[in-house]
Amino acid sequence: MNKKRMEILKRYQFLLVMLVGTLIILAVNPVLGIHVYGLAWDNVLGMLGVLPPIFILIGLLDVWVKKETMVKYMGKDSGIVGILLGFFLGSAAAGPLYGAFPVAGVFLNKGSRLSNVLIIVGAWASMKIPLLLFEVSAMGFKFTLIRFVMDIFGVLIIAYSIEKILTDEEERQIYELAKKMN
């Protein structure tokens, strides 16, 4: 096999292993196999309903927001403004967590600081405003406030720990991977 095919196989090896595994399930237990493929199809349809609007917004963000502006508000020297903006963007975001990753890629390509992008992803995962409102009604204000404050500290600790632990080379690789995804 040539080098290009090997790269493709390596890149999609997890998908291929899962496909073979589900085909084995389908052969051994057809009822379960059909159920597995039905769930997979439902997930694909769900993603197709969410991802196109996210990609449209990413395209608009990429075109409308200049790199200099992004660096000013989300870059290395953005300070508290970058942190607050990261929490706001993540908390106000709509859609499932997998929608955060293409957004994170655009922010990295525009020169955002890695910790600020990690804050966006962390807030997207745990601090969405509509979910907070539901949580207040279901669990109470005190519980929601305690969890929200803990999330703030947790997201900050994780974001800055990751940024601190990564070597300059590893951080450079993350930025390079983000460029390849666009």
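Residues numbered from 1 in each chain as written. Predicted model: local features only at pLDDT ≥ 70, side-chain atom pairs only at ≥ 80, totals over all residues. Heavy atoms only, no water.

Engineer: Lay out the overall build of the protein chain with the relevant residues and their values.
Structural biologist: Within the protein chain, the regular secondary structure consists of 10 helices and 0 strands. Secondary structure of the protein chain in N-to-C order comes out as α-α-α-α-α-α-α-α-α-α. By principal-axis analysis of the C-alpha atoms, the protein chain measures approximately 55 × 50 × 35 Å. When each of the 182 residues of the protein chain is scored for burial, the buried share is 27%. Across the protein chain, contacts joining residues at least 24 apart in sequence account for 74% of those joining residues at least 6 apart. For the protein chain, the exposed area adds up to about 12500 Å²; of that, 74% sits on carbon and sulfur atoms. Charge separation in the protein chain, taken as the distance between the mean sites of 18 positive and 13 negative side-chain charges, equals 3 Å. (Helix = DSSP H or I, 4+ residues; strand = E, 2+ residues; numbered from the N terminus. Buried < 20%, exposed > 50% of the residue type's maximum accessible area, 1.4 Å probe, protein only. Contact = heavy atoms within 4.5 Å. Areas by Shrake-Rupley, 256 points an atom, 1.4 Å probe, with all protein chains shown as cover. Lys, Arg positive; Asp, Glu negative; His and termini not counted. Charge placed at Lys NZ, Arg CZ, Asp CG, Glu CD.)

Engineer: How would you summarise the UniProt feature "transmembrane region" (unreviewed entry) in the protein chain if you had to cite specific residues and measurements?
Structural biologist: The UniProt entry lists residues 12-32, 44-65, 77-101, 113-133 and 145-162 under the feature "transmembrane region" (unreviewed entry), expressed in the numbering used here. For residues 145-162, the end-to-end C-alpha separation is 26 Å, with 100% helix and 0% strand making up the annotated structure. (UniProt positions renumbered as here; feature names shortened; annotations may be inferred.)

Engineer: An account of the domain arrangement of the protein chain is requested, with residue identities and associated values reported.
Structural biologist: For the protein chain, the assigned domains read domain 1 (1-50) and domain 2 (65-181). Facing the 4 residues of domain 1 at the interface are 4 residues of domain 2. Surface buried jointly by domain 1 and domain 2 totals about 250 Å² across both partners, of which 74% is contributed by carbon and sulfur atoms. The largest share of the area that domain 1 buries against domain 2 comes from Arg11, Met47 and Val50, three residues that together contribute 97% of it. Between the two partners, domain 1 and domain 2, sit 0 salt bridges. For the pair domain 1 and domain 2, the interface holds 0 residue pairs in polar contact (both at pLDDT 80 or more). Counting residues per element, the side of domain 1 that touches domain 2 draws most heavily on helix H3 (residues 30-64), at 3 residues. Its residues placed into classes, the side of domain 1 that touches domain 2 shows 2 nonpolar, 1 polar and 1 charged. (Domains from an automatic or database assignment. Buried area = accessible area lost by both parts, 1.4 Å probe. Salt bridge = Lys/Arg side-chain N within 4 Å of Asp/Glu carboxyl O. Polar contact = N/O pair within 3.5 Å; in protein donor to acceptor, adjacent residues only side chain to side chain. Nonpolar A, V, L, I, M, F, W, Y, C, P; charged D, E, K, R; others polar.)

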